[in-house]
Amino acid sequence: MPYVRIELPPVVSKEAAHRIGDAVHEAMVETIAVPPDDKFQLITQHPAGAIVCTPEYLGVKHTERALFIQIFLAPGRTLQQKRALYAMVARDVARAADVSPSDVLISLVETLRENWSFGDGIAHYTL
Amino acid sequence: MPYVRIELPPVVSKEAAHRIGDAVHEAMVETIAVPPDDKFQLITQHPAGAIVCTPEYLGVKHTERALFIQIFLAPGRTLQQKRALYAMVARDVARAADVSPSDVLISLVETLRENWSFGDGIAHYTL
Amino acid sequence: MPYVRIELPPVVSKEAAHRIGDAVHEAMVETIAVPPDDKFQLITQHPAGAIVCTPEYLGVKHTERALFIQIFLAPGRTLQQKRALYAMVARDVARAADVSPSDVLISLVETLRENWSFGDGIAHYTL
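Residues numbered from 1 in each chain as written. Chains lettered and ligands numbered in written order. Predicted model: local features only at pLDDT ≥ 70, side-chain atom pairs only at ≥ 80, totals over all residues.

(A) Quick peek at the overall build of chain A. When helices and strands are tallied, chain A shows 2 helices and 8 strands. Along chain A, from the amino end to the carboxyl end, the secondary structure elements read β-α-β-β-β-β-β-α-β-β. Relative to a compact globule of 127 residues, whose C-alpha radius of gyration would be 14 Å, chain A shows 15 Å and is just as compact. With respect to the three principal axes, the spread of C-alpha positions in chain A is 45 × 30 × 20 Å. Expressed as a percentage of the 127 residues in chain A, the buried residues total 54%. Residue pairs at least 24 apart in sequence account for 74% of intrachain contacts in chain A once pairs closer than 6 positions are excluded. (Helix = DSSP H or I, 4+ residues; strand = E, 2+ residues; numbered from the N terminus. Rg over C-alpha atoms; globule rule 2.2 N^0.38 Å. Buried ≥ 20, exposed ≤ 12 C-beta atoms within 10 Å, placed from the backbone. Contact = placed C-beta atoms within 7 Å.)

What follows is the structure, given as structure tokens:
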């Protein structure tokens, strides 16, 4: 895995939701060497008011179209890889969701390779 | 705590949801020494399309019945304990949910013991 | 960021939800030096049964009003800061939500500063 949680505001259409998921996945394949068939996502469309986002932080402005992407993944990516990931996700998700790249918020949570089981009760990355 | 997030597809019945939660909890008690009364879970039933799961990864096949279990817990379990946990969760959740063990996906996120407060604003594990 | 996920039971009113979010944010500003405009939250109101909480653990009693607060943040806060955070969150969220402080459960997940992008595809904390 990575395991990707995508939190969408109501202004993003249901049709856009899976384009957004695909854009995140393609960026991970391209920039941090995630295998193409290693795709595990949870996409949630929230009612108005569920996503609470500052209007501006660190000079980046946010609107009611702000969306949150949280990626749980194994440690080991370099800062350079992470920068490339953020850049491609922001660009391509903005396009897929019809939002500004400033409204694409991303965070990573790294967790050990032994912490993943992809089914059948096996710790696949320790084999 | 552990704090367990269980994400269910619409094909899993509401009646099965709590059986699944109980199965995860009993496996944690049995395999990683979680106290029986240390039970904190969030169980969400998602609409169709919310859970996006590859049809196959690392030789494990997945269907529209795939469900995600994410366990936040204190560090310190051995690989052997984690393997026992995955095996028992996959077996017993599959039974409770009427899904294949290959559709039970598990990941762990470890976070320090000082990072938990079980109420009343106290850092219980640092006392 | 911190990125705060707040999980509410149905007995907590929609009006209370944002008061709860504000209380968590103000406590973070006050106790762990989060900038006031660094506010990113996801507030979810769950149906009955979604939040599963032990009736008692470590001497703390819980009811059907129990709510979960999970804070993802950069590492580096001291234990003393975390204790102050838990105390203020429990006190002020209890007041905002009209629940007992014993029903305010908090956990932290720390993730590196390079793991955050606040928009525009930039790793802001590495500049």
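(B) The arrangement of the relation of the copies chain C and chain B in detail. For these two chains of identical sequence, chain C goes onto chain B by a turn of 120° and a shift of 0.0 Å along the axis, with RMSD 0.0 Å. Classification of the inter-copy transformation places it as that of a three-fold axis. No C-alpha of chain C lies nearer the rotation axis than that of Val109(C), which sits 4.8 Å from it. A different interface surface on each copy is seen, since only 3% of the contact residues of chain C are contact residues in chain B too. (Least-squares fit on C-alpha atoms with pLDDT ≥ 70 in both.)

(C) Summary view of the environment of Pro2(C). All names here are of chain C. Note that Pro-2 resides in strand β1 (residues 2–8). The exposure class of Pro-2 is buried, given the 22 C-beta atoms found within 10 Å. Among residues more than four places away in sequence, those in contact with Pro-2 are Met-28, Val-34, Ile-71, Phe-72 and Leu-73.

(D) Summary view of unusual backbone geometry. Its identity is not glycine, yet Leu58(A) carries a phi of approximately 55°, on the positive side. As for its placement among the helices and strands, Leu58(A) is situated in the loop between β4 (56–57) and β5 (60–61). The phi angle at Asp120(C) is positive, at roughly 65°, despite the residue not being glycine. Relative to the helices and strands, Asp120(C) is located in the segment after β8 (116–117).

(E) Up close: the interface of chain C and chain B. At the junction of the two partners, chain C supplies 30 residues and chain B supplies 26 residues. Residue classes in the side of chain C that touches chain B are distributed as 19 nonpolar, 4 polar and 7 charged. In this sheet, strand β3 (residues 51–53) of chain C lies alongside strand β2 (residues 40–45) of chain B in antiparallel orientation, the contact comprising 3 bridges. Directly across from Gln41(B), in β3(C), lies its bridge partner Val52(C). (Nonpolar A, V, L, I, M, F, W, Y, C, P; charged D, E, K, R; others polar. Pairing = 2+ DSSP bridges.)

(F) Structural view of helix α2 (residues 79–97) of chain A. Its 19 residues place the ends of α2(A) 26 Å apart at the C-alpha level, agreeing with the 27 Å of an ideal helix rising 1.5 Å per residue. If you check which residues of α2(A) are buried, you get Lys82(A), Leu85(A), Tyr86(A), Met88(A), Val89(A), Ala90(A), Asp92(A), Val93(A), Ala94(A), Ala96(A) and Ala97(A). Where α2(A) is buried, its residues meet α1 (14–32), β6 (67–73) and β7 (104–110) of chain A together with β8 of chain C. Of the residues flanking the end of α2(A), it is Asp98(A), one or two places downstream, whose phi is positive at about 55°. (Expected span 1.5 Å × (residues − 1).)

(G) Layout of the relation of the copies chain A and chain C. For the pair chain A and chain C, the best superposition has an RMSD of 0.0 Å and corresponds to a rotation of 120° with a translation of 0.0 Å parallel to the axis. Little of the interface of chain A is mirrored in chain C: 3% of its interface residues are interface residues there too.

(H) Representation of the confidence of the model for chain A within the structure. Of all residues in chain A, 100% have pLDDT values of 70 or greater, and the mean over the chain is 97. For this predicted complex, the interface score ipTM comes out at 0.97, alongside a pTM of 0.98. (pLDDT = per-residue confidence, 0-100.)

(I) Broad picture of the sheet that holds strand β3 (residues 51–53) of chain A. Strand order across the open sheet formed by 6 strands is β3(A)-β2(C)-β1(C)-β6(C)-β7(C)-β8(B), with mixed pairing between neighbours. Whereas interior strands pair on both sides, the edge strands pair on one side only; in this sheet they are β3 of chain A together with β8 (116–117) of chain B. Here 2 bridges tie β8(B) to strand β7 (residues 104–110) of chain C, and the two strands are oriented antiparallel to one another. Bridge pairing links Ser117(B) to Ile106(C) in β7(C). In the packing of helix α1 (residues 14–32) of chain C onto the sheet, the strands contacted are β3 of chain A together with β1, β2 (40–45) and β6 (67–73) of chain C, and the crossing angle to β1(C) comes to about 145°. (Axes fitted to C-alpha atoms, helices over the stretch in contact; angles between N-to-C directions.)

(J) Representation of the packing of helix α1 (residues 14–32) of chain B against helix α2 (residues 79–97) of chain B in the model. Residues and elements named next belong to chain B. Here α1 crosses α2 at 155°, and the two axes come no closer than 8 Å. By the angle between their axes, α1 is roughly antiparallel relative to α2. As for the relative orientation of α1 and α2, their crossing is right-handed in sense. Contacts between α1 and α2 involve Ala-16, Arg-19, Ile-20, Ala-23, Val-24, Glu-26, Ala-27, Met-28, Glu-30, Thr-31 and Ile-32 on the former and, on the latter, Gln-81, Ala-84, Leu-85, Met-88, Val-89, Asp-92, Val-93, Ala-96 and Ala-97. (Parallel < 35°, antiparallel > 145°, perpendicular 65-115°, else oblique. Left-handed = near helix turned anticlockwise from the far one by under 90°.)

(K) The arrangement of the sheet that holds strand β1 (residues 2–8) of chain B in detail. Strand order in the open sheet made by the 6 strands is β8(A)-β7(B)-β6(B)-β1(B)-β2(B)-β3(C), with mixed pairing throughout. Unpaired on one side and paired on the other, β8 (116–117) of chain A together with β3 of chain C mark the two borders of the sheet. Packing against the sheet, α1(B) makes contact with β1, β2 and β6 (67–73) of chain B together with β3 of chain C, and its axis sits at approximately 145° to β1(B).

(L) Local environment of the interface of chain A and chain C. With 31 residues of chain A at the contact, the number on the chain C side is 27 residues. Counting only elements with at least two residues in the side of chain A that touches chain C, the list comes to β3, β4, α2 and β7 of chain A. By residue number, the principal contributor to the side of chain A that touches chain C is α2(A), which donates 8 residues. When grouped by side-chain class, the residues that make up the side of chain A that touches chain C number 19 nonpolar, 5 polar and 7 charged.

(M) Quick peek at the environment of Ser117(A). With respect to the element layout, Ser117(A) can be found in strand β8. The exposure class of Ser117(A) is buried, given the 27 C-beta atoms found within 10 Å. Linking Ser117(A) and Met1(A), residues 116 residues apart in sequence, is a C-alpha distance of 8.7 Å. When sequence neighbours within four positions are dropped, the list of residues in contact with Ser117(A) reads Ile122(A), Ala123(A), His124(A), Tyr86(B), Leu105(B) and Ile106(B).

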